[in-house]
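# Residue-level structural notes
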Number of protein chains: 2
Amino acid sequence: MTDLAHDRTRELAGFLAELRYAHIPQDVVERCQAYYLDWLGSALAGKNHAPIPLFEQYSQLMGPSDGGCQQLTDRRMTSPHFAALVNAAASHVVEQDDLHNSSVLHPATVVFPAALATAQDLGSSGRDLITAAVAGYEAGIRIGEFLGRSHYRVFHTTGTAGTLAAAVAAGKLMELDTDGFVNLLGNAGTQAAGLWEFLRDAADSKQLHTAKAASDGILAAYMTQSGLTGARHILEGPQGMAAGMSTDADPSRLTDRLGERWALTETSFKFHASCRHTHPAADALLALMQREALTHDAIETVTARVHQAAIDVLGPVVDPRTIHQAKFSMGSVLGLIAVHGDASLASFRDQALQDEAVASFRQRVSMVLDPEVDEAYPRRWLGRVEVTTRDGRRLSAAIDEPKGDPGNTLSRDELEAKFRRLVIFSGAASDDEVVRLIAHAWNLPSVARLEPLL
Amino acid sequence: MTDLAHDRTRELAGFLAELRYAHIPQDVVERCQAYYLDWLGSALAGKNHAPIPLFEQYSQLMGPSDGGCQQLTDRRMTSPHFAALVNAAASHVVEQDDLHNSSVLHPATVVFPAALATAQDLGSSGRDLITAAVAGYEAGIRIGEFLGRSHYRVFHTTGTAGTLAAAVAAGKLMELDTDGFVNLLGNAGTQAAGLWEFLRDAADSKQLHTAKAASDGILAAYMTQSGLTGARHILEGPQGMAAGMSTDADPSRLTDRLGERWALTETSFKFHASCRHTHPAADALLALMQREALTHDAIETVTARVHQAAIDVLGPVVDPRTIHQAKFSMGSVLGLIAVHGDASLASFRDQALQDEAVASFRQRVSMVLDPEVDEAYPRRWLGRVEVTTRDGRRLSAAIDEPKGDPGNTLSRDELEAKFRRLVIFSGAASDDEVVRLIAHAWNLPSVARLEPLL
């Protein structure tokens, strides 16, 4: 499978063990705080959103009724295992959490639930939390890139690589050494799971995957700290993750420019409240409609020229029946953009399934594989649309960096506005609390000890 | 991948939903009780055995300190999630738990922890427990057979298929209907995990896999009951388990003679305290030495002619350094058989690593692939050994059914004796309790309500 003489797992583990807050460049720290605020918004937005109450209920049935860790949606205090479980489920349900392009990993929704729960349990500082989150992002992104496109075709990378990312974040707060991180990766990797099969049935597994990634990561970290040993080459060994779950794994990605490349900063904020695979086409269509001053009823057809993974993930959704499924329907997303000008949480709730103009537009959208777009993916997510108009014109538009990508990122003001929108959507916090949470995120490096946030 | 028009997952779910105690033949009920007693012995034998205390510790850190479910090793009462976690870890550590040949699944160690915890939580009867266990065995075995040899080459089937087996047992106690079982399989299958990579490092993952299979099965069952939906074709769908984790999956196995073939009764009891892949050769060597009245020092070399999976699992263990690793060393197992006449728990503890004669014998053992043995596997586990003696003879022996296989099974007396040996080994129960537990297992159909056993 690979050259085990060059022990890349150990090299990655050594980087994670040696990482210190002082090593992390200031702009990386600040981006990490921005992802943290963005994650808090996503987690709070999940309050009362199906199926999140089922996770709260499971926590109540199976977990302790006290502890130092807080479930953000229902404010219940419990143990790290269940706080991570609930917060990771909650932060992935409205499809507004961040995404790293080339790994196709949603880092925040698995890293922060594990990191925050562990930090609250151990009484860690804000700087410790940032260092742990950076470790989780850097490891998880490289593992996602390592597992490759063949893995993502069947496996939900945020469930699989996400288990290791969450474990690394929790393990960093425990100050594991190199051997500790080697064992930790083994213990997390052998639990890694999550299949895309649920998508075509609009089943609830996407949140189950993140919930399990975070709580399995907690289990891996706490049990590694207490002495549980794991495989030394769970990633690249002959009976490891790549051997079982990938046909194009690239071991060199595991250690790609450790300490020089800060992969965390390549992570995109999600602007539209839909599957990230719809964003490039959504932005291209928006640009085309603005450029040509078109309205939705002037458009006859839209062809979104996409990468293969978009077809794999969105293709099965032909007749969306739930709001969550509509977020995975290219036609529904482009319909909301065309008819209402945005694909926000409120638009999905109020228009995605009810609005006849959106439904009609959906029928006029198709996807085709574009070799250039596919070639660039997953490093770059190119948006290409072709439109025919009712008056017989053929138009096209291209965008090379969707809104929220590192080169087209959200400002602090835009992030705060998004945070407010998310919290207002669910009503999970009061206005005062919103102000306090925003200040908390921007002041994170000064926080001496992570306490319950609400 | 497969013909989804013939919905085999739904057919299996329908069988599970409709199964009643009254449908189960009396001999199947009695075999189920025997597996239950055998499982109780394995679970109790795990007391204080590394790494089981680490699971007890995790339960204490993360779980509630009361509840209706009992961890057998430390007698702690907790929630179903953690009782299942600890009991499943404990019952797989001394390598004495049952095994089903053609699925290469250890059913008891995942099915009974989930079933007993759920039964104690819900106050179910002994007959309910038996019905649930039968459901778990029948489903888990067929899913293991479905996933096939290619799956087992990289994945620990007891971790993967075991998650579904555990979920089915728990779900049966909740009286799920057909739709419920379809969702349950989806929720369990998307969590299925467990890689063999740990073997070459003698790491602790084998018990982590069973612990997680049982507790993930509990999660799948309780959350399905409360409404969490899962993929409808997690087994055979285009982004399901077989698509991601097998290259030789056979969907027809999922529904093989449901209600006519009772696959549970094909399950083997383990006689030797080692990996089951060593048993056929161990029995053949024992037969040869008895037939020829040979002692270990008369033997120059032993060649075990084995199936490929034995080479995959045992091959990496070239220099066993722990007792657990010695159980996966063909040389160590045959050495104990040759020098001490048995490969029991006590022999492993006292002789496997310390005894020079065993170490010397180990060096004289090799494995080769035998096409006939491999062809019969996994349906039949044939034992074939070739021996050269110091006085220059070449001898061979063959056994077609290792001790403990259905055609060469253990009697109730032998099972009780094994149970006593296991409990004495760990000291997990008093003599009085041993008598009571044996009576409990044989009287299980009369138990009105499952209470804590100790």
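Residues numbered from 1 in each chain as written. Chains lettered and ligands numbered in written order. Predicted model: local features only at pLDDT ≥ 70, side-chain atom pairs only at ≥ 80, totals over all residues. Heavy atoms only, no water.

The name an unreviewed UniProt entry gives chain A is 2-methylcitrate dehydratase, with Salinicola acroporae as the organism.

### Comments concerning the interface of chain A and chain B
Taken together, the contact between chain A and chain B spans 61 residues of the former and 61 residues of the latter. Interface of chain A and chain B: buried area, both sides summed, is about 4800 Å²; carbon and sulfur atoms make up 61% of it. Seen at the junction of chain A and chain B, the total is 4 salt bridges. In this structure, B:Lys212 engages A:Asp216 in a salt bridge whose closest nitrogen and oxygen atoms are separated by 3.0 Å. Along the contact surface separating chain A from chain B lie 28 residue pairs in polar contact (both at pLDDT 80 or more). Mapped onto the side of chain A that touches chain B, the elements with two or more residues apiece are α3 (52–62), α4 (80–90), α6 (126–154), α8 (178–189), α9 (205–225) and α10 (241–245) of chain A. In terms of residues, the side of chain A that touches chain B owes the most to one element, α9(A), which gives 10 residues. Its residues placed into classes, the side of chain A that touches chain B shows 31 nonpolar, 21 polar and 9 charged. (Contact = heavy atoms within 4.5 Å. Buried area = accessible area lost by both parts, 1.4 Å probe. Salt bridge = Lys/Arg side-chain N within 4 Å of Asp/Glu carboxyl O. Polar contact = N/O pair within 3.5 Å; in protein donor to acceptor, adjacent residues only side chain to side chain. Helix = DSSP H or I, 4+ residues; strand = E, 2+ residues; numbered from the N terminus. Nonpolar A, V, L, I, M, F, W, Y, C, P; charged D, E, K, R; others polar.)

### A look at the pattern of salt bridges
Applying the stated criterion across every chain yields a total of 61 salt bridges over all chains. A salt bridge links A:Lys270 to A:Glu95; the nearest nitrogen and oxygen atoms lie 3.1 Å apart. Of this pair, A:Lys270 sits in the loop between β4 (267–268) and α11 (279–292) while A:Glu95 sits in the loop between α4 and β3 (99–100), placing them 175 residues apart in sequence. Each member of the pair, A:Lys270 as well as A:Glu95, is classed as buried. The shortest N-O distance in the salt bridge between B:Glu145 and B:Arg261 comes to 2.7 Å. Taken together, the residues span a long stretch of sequence, with B:Glu145 in helix α6 (residues 126–154) and B:Arg261 in the loop between α10 (241–245) and β4 (267–268) at a distance of 116 residues. Neither residue differs from the other here; B:Glu145 and B:Arg261 are each classed as buried. Via salt bridges that share partners, A:Glu145, A:Arg253, A:Asp256, A:Arg257, A:Arg261 and A:Glu266 belong to a single interconnected network. (Buried < 20%, exposed > 50% of the residue type's maximum accessible area, 1.4 Å probe, protein only.)

### Comments concerning the relation of the copies chain A and chain B
Placing chain A over chain B gives an RMSD of 0.0 Å and needs a rotation angle of 180°, together with 0.0 Å of translation along the axis. In the structure described here, the two chain copies are related by an operation that fits a two-fold rotation axis. Minimal C-alpha distance to the rotation axis in chain A is attained by A:Pro64, lying at 2.0 Å. Looking at the interface residues of chain A, 100% of them are also at the interface in chain B, so both copies use one shared face. (Least-squares fit on C-alpha atoms with pLDDT ≥ 70 in both.)

### Overview of the sheet that holds strand β5 (residues 299–306) of chain B
All names here are of chain B. Pairing in this open sheet of 4 strands is mixed, and the strands run β6-β5-β7-β8 from one edge to the other. Of all the strands in the sheet, just β6 (365–369) and β8 (394–399) have a single pairing partner and so form its edges. Ignoring strand direction, the axes of neighbouring strands in this sheet form an average angle of 20°. Here strand β7 (residues 383–389) runs beside β8; their pairing, made up of 6 bridges, is antiparallel. (Pairing = 2+ DSSP bridges. Axes fitted to C-alpha atoms, helices over the stretch in contact; angles between N-to-C directions.)

### Section: the domain arrangement of chain A
All names here are of chain A. According to the domain assignment, chain A contains domain 1 (8–270 + 423–446) and domain 2 (276–399). Averaged C-alpha coordinates put domain 1 and domain 2 at centres separated by 30 Å. In this assembly, 23 residues from domain 1 lie in contact with 22 residues from domain 2. Regarding the contact of domain 1 and domain 2, the summed buried area is about 2000 Å², with carbon and sulfur atoms giving 64% of it. Our count for the domain 1 to domain 2 interface comes out at 1 salt bridge. Run the count over domain 1 and domain 2 and you get 9 residue pairs in polar contact (both at pLDDT 80 or more). Of all the secondary structure elements, the ones that give two or more residues to the side of domain 1 that touches domain 2 are α6 and α9. Of the residues forming the side of domain 1 that touches domain 2, the biggest block, 3 residues, is contributed by α6. Taken together, the residues of the side of domain 1 that touches domain 2 break down into 11 nonpolar, 5 polar and 7 charged. (Domains from an automatic or database assignment.)

### Examining α6(B)
All names here are of chain B. Under the 1.5 Å per step criterion, the end-to-end length of α6 is only 37 Å for 29 residues, more than 12% shorter than the ideal 42 Å. Gly-148 marks the point of greatest bend in α6, at about 95°. Counting buried residues in α6 gives 25 out of 29 residues, a clear majority hidden from the surface. (Expected span 1.5 Å × (residues − 1). Bend = angle between axes of the 7 residues up to and from the residue.)

### Some words on the packing of aromatic side chains
Here the structure, examined in full by the defined rule, presents 23 aromatic pairs over all chains. Pairwise contacts between aromatic rings join A:Tyr35, A:Tyr36, A:Trp39, A:Phe112, A:Tyr137 and A:Phe269 into one cluster. For A:Arg412, the ring lying beneath its charged end belongs to A:Trp442, and the centroid distance is 3.6 Å. The ring of B:Phe348 carries the charged tip of B:Lys327 above its face, separated from the ring centre by 5.6 Å. (Phe/Tyr/Trp six-rings, centres within 6.5 Å; stacked < 30°, edge-to-face > 60°. Lys NZ or Arg CZ within 6 Å of the ring centre and 35° of its normal.)

### So, empty space enclosed by the protein
Applying the stated criterion across every chain yields a total of 8 cavities of 30 Å³ or more. Empty space within the largest cavity amounts to approximately 90 Å³. Considered class by class, the residues forming the lining of the largest cavity number 7 nonpolar, 4 polar and 4 charged. Residue assignment places the lining of the largest cavity across two domains, with domain 1 (8–270 + 423–446) and domain 2 (276–399) of chain A each supplying three or more. Taken as a whole, the second largest cavity encloses approximately 80 Å³ of empty space. Around the second largest cavity, the lining residues are A:Thr190, A:Gln191, B:Gly159, B:Thr163, B:Gln191, B:Ala193, B:Leu208, B:His209, B:Lys212, B:Ala213 and B:Asp216. Mapped onto the lining of the second largest cavity, the elements with two or more residues apiece are α7 (157–173) and α9 (205–225) of chain B. Looking at the lining of the second largest cavity, the element that brings in the most residues is α9(B), giving 5 residues. Looking at side-chain class alone, the lining of the second largest cavity contains 3 nonpolar, 6 polar and 2 charged residues. (1 Å grid on protein atoms, 1.4 Å probe; cavity = no way out; pocket = protein on both sides within 12 Å on 5 of 7 lines; lining within 4 Å. Points joined across faces, edges and corners; volume = space filled by probe spheres on them.)

### What to know about the packing of helix α2 (residues 26–45) of chain B against helix α19 (residues 431–442) of chain B
Residues and elements named next belong to chain B. Packing of α2 against α19 brings their axes to within 8 Å, and their N-to-C directions diverge by 150°. In terms of their interaxial angle, α2 and α19 are classed as roughly antiparallel. Two packed elements cross with a definite hand, and for α2 against α19 that hand is right-handed. In contact with Gln-33, Ala-34, Tyr-36, Leu-37, Leu-40 and Leu-44 of α2, α19 contributes Leu-437, Ile-438, His-440, Ala-441 and Trp-442. Looking at side-chain class alone, the contact of α2 with α19 contains 9 nonpolar, 2 polar and no charged residues. (Parallel < 35°, antiparallel > 145°, perpendicular 65-115°, else oblique. Left-handed = near helix turned anticlockwise from the far one by under 90°.)

### Observations regarding the sheet that holds strand β7 (residues 383–389) of chain A
Residues and elements named next belong to chain A. Taken in spatial order, the 4 strands make up an open sheet running β6-β5-β7-β8, and their pairing is mixed. Only two strands of the sheet have a single partner each, and these edge strands are β6 (365–369) and β8 (394–399). Sheet twist, expressed as the average angle between the axes of neighbouring strands with direction ignored, equals 20°. Pairing geometry for strand β5 (residues 299–306) and β7, over 6 bridges, is antiparallel. Following the sheet pairing, Ile-299 is matched in β7 by Thr-389. Packing of α11 onto the sheet brings it into contact with β5, β7 and β8, and relative to β8 it is tilted by some 125°.

### Some points on the UniProt feature "domain: MmgE/PrpD C-terminal" (unreviewed entry) in chain A
Sequence positions flagged by UniProt for "domain: MmgE/PrpD C-terminal" (unreviewed entry) are, in local numbering, residues 272–443 of chain A. Secondary structure across residues 272–443 of chain A divides into 49% helix and 15% strand, with the first and last C-alpha atoms of the span separated by 27 Å. (UniProt positions renumbered as here; feature names shortened; annotations may be inferred.)

### Section: the UniProt feature "domain: MmgE/PrpD N-terminal" (unreviewed entry) in chain A
UniProt feature "domain: MmgE/PrpD N-terminal" (unreviewed entry): in the numbering of this structure it lies at residues 10–252 of chain A. Counted over residues 10–252 of chain A, helix gives 62% and strand 2%. Its end C-alpha atoms are 13 Å apart.

### What to know about α2(B)
When the terminal C-alpha atoms of α2(B) are compared, their 29 Å separation across 20 residues agrees well with the 28 Å that a helix rising 1.5 Å per residue should span. Across the 20 residues of α2(B), 17 count as buried, placing the element largely inside the fold.

### Observations concerning the environment of B:Phe15
Residues and elements named next belong to chain B. Examined against the element boundaries, Phe-15 turns out to sit in helix α1 (residues 8–18). Separated by 162 residues in the primary sequence, Phe-15 and Asp-177 place their C-alpha atoms 9.8 Å from one another. When neighbours within four sequence positions are excluded, Phe-15 is seen to be in contact with Glu-138, Leu-258, Gly-259 and Trp-262.

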